[in-house]
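The residues making up each chain are set out below.
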Amino acid sequence: MKKLVIATRGSKLALWQSEHVKAELEKAHPGLEVELSVMMTKGDKILDTPLAKIGGKGLFTKELEEAMLRGEAHIAVHSLKDVPMEFPEGLKLGVITKREDVRDAMLSEKYSCLDELPNGAVVGTTSLRRRMQLLKIRPDLVIKNLRGNVNTRIRKLKEGEFDAIILASAGINRLGLASEVRYFSPISKEIMIPASGQAALGIEIVDNPEVERIVSVLNDSDAIVETMVERAFITVLEGGCQVPIGVNAEVKGDSIQVKAILGLPDGSEIMTESMNGTRTDYLTIGKTLAQKVVDKGAKGLLERAEKMALSEVF
């Protein structure tokens, strides 16, 4: 293969991710031409409605997948946390890259950390997971929906619509935007458990051995282990954007530590669970942890969470 086409969204972060993969592939395969095909997804067009109400993660991948199935592109680069658990026939998850900082972060022009936010402070996030965990520790906060790309969200913060906003540290670091705000404060995973797959890139590919061989150089073994644990947990719970779930697996040598949280979007009811295992357990530990919360009533709690998320409140 002499030319490989990447289907990509047009946001600055999506383009950074695709350009990064392009550069890495061209470095690994001298003589390979890599081209970007930029397109807009439904999720990029609908900016005034919470994701939970309009269909969740697939909103950012469907158009890219359709282009790949038509033969117009070979791969698509996604933030792994936005990649659905199942793929259309003919497509597959081919690569999971090394992770950036997995933590969420608070950005603010006035306050250096969550503890400094005054009573009733307005915080922007579209994520039900972040909303739930914020309200768990600070029920006094006013959480408002925040859509748009990273630069748009920062602009809204600087224009005074919010006292603080919550974004993934990885996106800020990749785009070099930390200096755009006065305070950029990563949040400890002890306070806010990240989303499944956060800070890794997932490369979706057409189911073709040659394409898979070309992109496989970008796989990271630790990231694969961690995110497969996280995605297995989500799969058992059948949880998408419509429900608030945080799960993070961390490899330390030969051991794996997994922590999870789920509950109602308003933070009024929360369930947490954790588990330690060895690296060789990675194919089972996510499912085992999920079964532990299922046995404690997680499915019923998530059904209530979904109803609450689809109500007018959120």
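Just above sits the structure.
Residues numbered from 1 in each chain as written. Predicted model: local features only at pLDDT ≥ 70, side-chain atom pairs only at ≥ 80, totals over all residues. Heavy atoms only, no water.

J.: Looking at this structure, I do not really get the nonpolar core. What am I missing?
T.: Note that soluble globular proteins tend to have their nonpolar side chains buried in a common cluster. Core analysis: the biggest nonpolar cluster contains 26 residues, and Leu4, Ile6, Val21, Leu25, Ile75 and Ile203 have the highest contact counts within it. Counting residues per element, the ones that place at least two in this core are strand S1 (3-8), helix H1 (12-28), helix H4 (62-69), strand S3 (75-79), strand S4 (91-96), strand S10 (201-206) and helix H8 (209-215). With sequence-adjacent residues up to four places away left out, valine 21 is seen in contact with Ile6, Ile75, Val77, Leu201, Ile203 and Leu218. Counting residues in hydrophobic clusters, the runner-up holds 25 residues, among them Val229, Val243, Val293 and Leu302. (Core = buried A, V, L, I, M, F, W, Y, C linked by side-chain atoms within 4.5 Å. Buried < 20%, exposed > 50% of the residue type's maximum accessible area, 1.4 Å probe, protein only. Helix = DSSP H or I, 4+ residues; strand = E, 2+ residues; numbered from the N terminus. Contact = heavy atoms within 4.5 Å.)

J.: What's the story with the environment of tryptophan 16 in this structure? I'm lost.
T.: Mapped onto the elements of the fold, tryptophan 16 is located in helix H1. Residues tryptophan 16 and glutamate 180, 164 residues apart in the sequence, show an inter-C-alpha distance of 17 Å.

J.: Explanation requested: the pairing of strand S11 (residues 245-252) in the structure shown.
T.: Residues in a regular strand project their side chains so that they alternate between the two faces of the sheet. Most of S11 is tucked away, with six of its eight residues classed as buried. Taken together, the eight bridges between S11 and strand S12 (residues 255-263) define a ladder with antiparallel strand orientation. In the sheet register, valine 251 faces S12, and the bridge partner there is isoleucine 256. Between S11 and the antiparallel strand that follows it, S12, lie two residues; glycine 253 among them carries a positive phi value of about 65°. (Pairing = 2+ DSSP bridges.)

J.: Looking at this structure, I do not really get the environment of glutamine 133. What am I missing?
T.: Residue position: glutamine 133 is located in helix H5 (residues 128-137). Judged by its relative accessible area of 2%, glutamine 133 falls in the buried class. In sequence terms glutamine 133 and leucine 91 are 42 residues apart; their C-alpha atoms lie 34 Å from each other. Within the structure, the side chain of glutamine 133 is placed 2.8 Å from the backbone nitrogen of isoleucine 193, a separation counted as a polar contact. (Polar contact = N/O pair within 3.5 Å; in protein donor to acceptor, adjacent residues only side chain to side chain.)

J.: Sorry, what's going on with the side chain of threonine 97 here?
T.: Tracing the chain through its elements places threonine 97 in the loop between S4 and strand S5 (104-108). Discounting residues that sit within four places of it in the chain, threonine 97 has contacts with Ala200, Leu201, Leu218, Asp220 and Ala223.

J.: Any chance you could explain the pairing of strand S13 (residues 270-278) here in plain terms?
T.: Burial along S13 is one-sided: the face carrying Met271, Glu273, Met275 and Gly277 is buried and the face carrying Ile270, Thr272, Ser274, Asn276 and Thr278 is not. When S12 meets S13, the two strands line up antiparallel, connected through nine bridges. Counterpart to isoleucine 261 in the pairing with S13 is threonine 272. Between the antiparallel neighbours S12 and S13 lie six residues, among them glycine 267 with a positive phi of about 75°.

J.: What is the right way to read the sheet that holds S13 from this model?
T.: Backbone-to-backbone hydrogen bonds join strands into a sheet, with any given pair of strands oriented parallel or antiparallel. Strand order in the open sheet formed by three strands is S11-S12-S13, and the pairing between neighbours is antiparallel. Edge positions in the sheet fall to S11 and S13, since each has one partner strand and no second. Mean inter-strand twist for the sheet, computed between neighbouring axes without regard to direction, equals 10°. Where H5 meets the sheet, it contacts S11, S12 and S13, and its direction lies at approximately 85° from that of S12. Contacting S11, S12 and S13, helix H11 (residues 298-309) crosses the sheet at an angle of about 50° to S12. (Axes fitted to C-alpha atoms, helices over the stretch in contact; angles between N-to-C directions.)

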